[in-house]
Amino acid sequence: MTKPSIETQPERVREMFGSIAARYDLANHLLSCGIDFYWRRRAAEIVANWRPDKIVDLASGTGDLALALQKRLPDAEIVGVDFLPEMLELAKRKGVRQTVLADAMKLPFTNASFDCVTVAFGLRNMEDWGEALGEMSRVLKGNGHLLVLEFSLPTMPILRAVYRFYLHRCLPLLGSFLTRKKSAYGYLGDSIEDFPSGNAMCQLMAAIGFHDANAQPLSGGIVTIYTAEK
């Protein structure tokens, strides 16, 4: 399965996330109880071990992963890409050095431009997951690395049930209170349910042509870090 639901089409995603840009960081940090800082820090540690010189961070949003990468790799060239100018403006204010306004499905870079591609909590929202991964492969150099940080569902039955209750019953109400836009956080739960996780995501990466795909669950499987090499 490579096609996301109609709810993730680009126009709807732009409208939803553009409308909550000003409160996006506050909502993310509070709704995750601050654990999102750890998730991005762990992703940045993995990337740092690859020692890339040029990194593109797709669906960069307000730049939290790009900033974590800048901290770990101060000499690397790191470009944050997003299709929402509201998000990129906040990223620049926070200190992201390079930003590009572009759609991750149609990147304005030549083939083999980067040593590493990262995307945090953004692949799930793209129009076609397989095509998006193919575009990531296109801009990666040979032997370049891919890292995807994405929400997933815990495999432990009790934790999975509790998490689903939180996603579908609690999160929309809390998100509505924090951002005054209930629809964005109602959509979040559905998008996580639809997204391929674990082995399914690794198989999709392999089908695109990546090798050594690996899934590393964090926080009981609430999120997963996927890595692969071109």
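See the structure printed just above.
Below is a short write-up of the structure. (Residues numbered from 1 in each chain as written. Predicted model: local features only at pLDDT ≥ 70, side-chain atom pairs only at ≥ 80, totals over all residues. Heavy atoms only, no water.)

## Some thoughts on the overall build of the protein chain
Let me state the cut-off plainly: By definition, any uninterrupted DSSP run of H or I lasting at least four residues is a helix, any uninterrupted run of E lasting at least two residues is a strand, and each is numbered from the N terminus. Three exposure classes are used, based on accessible area relative to the maximum for each residue type with a 1.4 Å probe and protein chains only: buried under 20%, partly exposed in between, and exposed over 50%. For accessible areas, the Shrake-Rupley method is used with a probe of radius 1.4 Å. Any residue's cover is judged against the shown protein chains and nothing else.
Per the secondary structure count, the protein chain includes nine helices and seven strands. For the protein chain, buried positions account for 53% of its 230 residues. Carbon and sulfur atoms make up 54% of the accessible area of the protein chain, which amounts to about 10,600 Å² in all.

## Side note on the packing of aromatic side chains
Under the convention used in this document: Within 6.5 Å between ring centres, the rings of Phe, Tyr and Trp (the latter by its six-membered ring) count as paired, and their orientation is classed by plane angle as stacked under 30 degrees, edge-to-face over 60, tilted in between.
This model, assessed by the stated rule, comprises five aromatic pairs. Pairing W39 with F151 gives two aromatic rings, centres 6.2 Å apart and planes at 90°, and the pair type is edge-to-face. Separated by 112 residues along the polypeptide, W39 in helix α3 (residues 35–50) and F151 in strand β5 (residues 140–151) bring together distant segments of the chain. Each member of the pair, W39 as well as F151, carries the same accessibility label: buried. Centre to centre, the rings of W129 and F195 are 5.2 Å apart; their planes meet at 80°, and the pair counts as edge-to-face. Placement of W129 in helix α6 (residues 129–139) and of F195 in the loop between α8 (182–194) and α9 (199–208) is noted, with a sequence separation of 66 residues between them.

## Side note on the packing of α3 against helix α4 (residues 64–72)
Put simply, the rule is: Axes, fitted as lines to C-alpha atoms, cover a helix only where it is in contact. Angles between the N-to-C directions of the axes lie from 0 to 180 degrees. The labels follow the angle: roughly parallel below 35 degrees, roughly antiparallel above 145, roughly perpendicular from 65 to 115, and oblique for the rest. By the definition used in this description, the sense in which the near helix is turned from the far one sets the handedness, with an anticlockwise turn below a right angle giving left-handed and a clockwise turn giving right-handed. Working rule for contacts: check all heavy atoms of both residues, and any pair within 4.5 Å makes them a contact. Think of it as three bins: nonpolar holds Ala, Val, Leu, Ile, Met, Phe, Trp, Tyr, Cys and Pro, charged holds Asp, Glu, Lys and Arg, and polar takes everything else, Gly as well.
With their axes 9 Å apart at the nearest point, α3 and α4 run at an angle of 45° to one another. When the axes of α3 and α4 are compared, the pair comes out oblique. Crossing handedness for the pair α3 and α4: right-handed. Across the interface between the two elements, R40, A43, A44, E45, V47 and A48 from α3 touch D64, L65, A68, L69 and R72 from α4. Grouping the constituent residues of the contact of α3 with α4 by class yields seven nonpolar, no polar and four charged.

## Some details on the pattern of salt bridges
Cut-off, in case you're wondering: When a carboxyl oxygen of Asp or Glu is within 4 Å of a side-chain nitrogen of Lys or Arg, the pair counts as a salt bridge.
Evaluation of the coordinates by the stated rule reveals nine salt bridges. When the shortest N-O distance is used, the salt bridge between D36 and R40 registers 2.9 Å. With D36 and R40 both in helix α3 and four residues apart, the pair spans about one turn of that helix. In this pair, the class of D36 matches that of R40, namely buried. A single network of salt bridges, built from pairs that share partners, joins E89, K92 and R93.

## Notes on the sheet that holds strand β3 (residues 98–101)
Where strands meet in a sheet, backbone hydrogen bonds hold them as pairs that are either parallel or antiparallel. Counted only if it meets this: Paired strands, in this sense, are two strands between which DSSP finds at least two bridges.
In space, the seven strands of this open sheet follow the order β3-β2-β1-β4-β5-β7-β6, with mixed pairing throughout. Looking at strand neighbours, the two that pair on one side only are β3 and β6 (211–218), the edges of this open sheet. The mean angle between the axes of side-by-side strands here comes to 20°, regardless of whether they run parallel or antiparallel. Bridge count for strand β1 (residues 54–58) against strand β2 (residues 77–82) is four bridges, and the pairing is parallel. Its bridge partner being in β2, I55 is matched across the sheet by I78. Across the sheet, α6 touches β1, β4 (114–120) and β5, and the angle it forms with β5 is around 145°. Along the sheet, α9 contacts β5, β6 and β7 (223–229); its crossing angle with β7, the most-contacted strand, is approximately 25°.

## Notes on the pairing of β3
Examined bridge by bridge, β2 and β3 share four bridges and lie parallel to one another. Across the sheet, D82 pairs through a bridge with L101, a residue of β3.

## Focus on the packing of α6 against α9
Packing of α6 against α9 leaves a shortest axis separation of 9 Å and a crossing angle of 55°. The orientation of α6 with respect to α9, classified from their angle, is oblique. In the crossing of α6 with α9, the sense of the turn from one axis to the other is right-handed. Across the interface between the two elements, W129, G130, L133 and G134 from α6 touch M201, L204, M205 and I208 from α9. Here the contact of α6 with α9 is composed, by residue class, of six nonpolar, two polar and no charged.

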